Amino acid sequence: QVQLVESGGDLVQPGGSLRLSCAASGFTFSNYAMSWYRQAPGKERELVAAISSTGATSRYKEFVKGRFTISRDNAKNTVYLQMNSLKPEDTAVYYCSRLKWWGGEYDYWGQGTQVTVSS
């Protein structure tokens, strides 16, 4: 059974940093591209970043480019999102998700972890 468990969300001040982790199980992790989505109050869920199955390729939404870094450790079945220079508009629930294929949509996602950036 596919399971994705996010952790690392917290309340931080603007300009602060957080590192989110997503522990994956129930599938061959190294065969799948992974991604992070977020959903802020009153807004639709939006893609933040994605990483290929090997970690060789990554893509970022423009609003986080240069501030966030997605990475993965296939030996640990874990994907990370390092978030620096956080802004209040980054406040959202962040979801780890598995992609059907590189460039495709997600088919599984975790429970989410809350990131709050106060003013």
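The coordinates are above.
Since this is a predicted model, take the numbers as computed values, not measurements.

Reading guide: rules and limits
Residues numbered from 1 in each chain as written. Predicted model: local features only at pLDDT ≥ 70, side-chain atom pairs only at ≥ 80, totals over all residues. Heavy atoms only, no water. Pairing = 2+ DSSP bridges. Helix = DSSP H or I, 4+ residues; strand = E, 2+ residues; numbered from the N terminus. Axes fitted to C-alpha atoms, helices over the stretch in contact; angles between N-to-C directions. Buried < 20%, exposed > 50% of the residue type's maximum accessible area, 1.4 Å probe, protein only. Core = buried A, V, L, I, M, F, W, Y, C linked by side-chain atoms within 4.5 Å. Contact = heavy atoms within 4.5 Å. Salt bridge = Lys/Arg side-chain N within 4 Å of Asp/Glu carboxyl O.

1. Brief notes about the sheet that holds strand E1 (residues 3–7)
Phase 1: Taken together, the four strands give an open sheet; going across it, the order is E1-E3-E8-E7, and neighbouring strands pair in antiparallel fashion. Of all the strands in the sheet, the pair left with one neighbour each is E1 and strand E7 (68–73). Strand-to-strand twist across the sheet, computed as the mean angle between neighbouring axes with direction ignored, equals 15°.
Phase 2: Pairing of strand E3 (residues 18–25) with strand E8 (residues 78–83) involves six bridges; the strand directions are antiparallel. Paired with arginine 19 across the two strands is glutamine 82, which belongs to E8.

2. Thoughts on the pairing of E7
Phase 1: Going residue by residue along E7, you find Phe68, Ile70 and Arg72 tucked away on one face and Thr69, Ser71 and Asp73 left uncovered on the opposite face.
Phase 2: Pairing of E7 with E8 involves six bridges; the strand directions are antiparallel. By the bridge assignment, threonine 69 is partnered in E8 with glutamine 82.
Phase 3: Connecting the antiparallel pair E7 and E8 is a turn made up of four residues, with asparagine 77 showing a positive phi of about 55°.

3. Here's the deal with the nonpolar core
Phase 1: One finds Trp36, Val79, Leu81, Met83 and Tyr94 to be the most contacted residues of the largest nonpolar core, which totals 26 residues.
Phase 2: Taken together, the elements giving at least two residues each to this core come down to E3, strand E4 (34–39), strand E5 (46–51), E7, E8, strand E9 (92–99) and strand E11 (113–117).
Phase 3: Looking at which element gives the most residues to this core, the answer is E3, with four residues.
Phase 4: Each residue touching valine 79, except ones within four places of it in the same chain, is listed here: Leu20, Ser21, Cys22, Phe29, Met34, Trp36, Ile51, Ile70, Ser71, Arg72 and Cys96.

4. Describing the pattern of salt bridges
Phase 1: For the structure on display, the rule yields four salt bridges.
Phase 2: Arginine 38 is paired through a salt bridge with glutamate 46; the nearest N and O atoms lie 3.1 Å apart.
Phase 3: Residue class for arginine 38 comes out buried when judged on its relative accessible area of 5%.
Phase 4: Between arginine 67 and aspartate 90 there is a salt bridge whose closest N-O contact spans 2.7 Å. Residue arginine 67 is found in the loop between strand E6 (58–60) and E7, and its partner aspartate 90 is found in the loop between E8 and E9; the two are separated by 23 residues along the sequence. You'll find arginine 67 and aspartate 90 in the same group, each marked buried.
Phase 5: In the salt-bridge network here, residues are joined through shared partners; they are Arg38, Glu46, Arg67 and Asp90.

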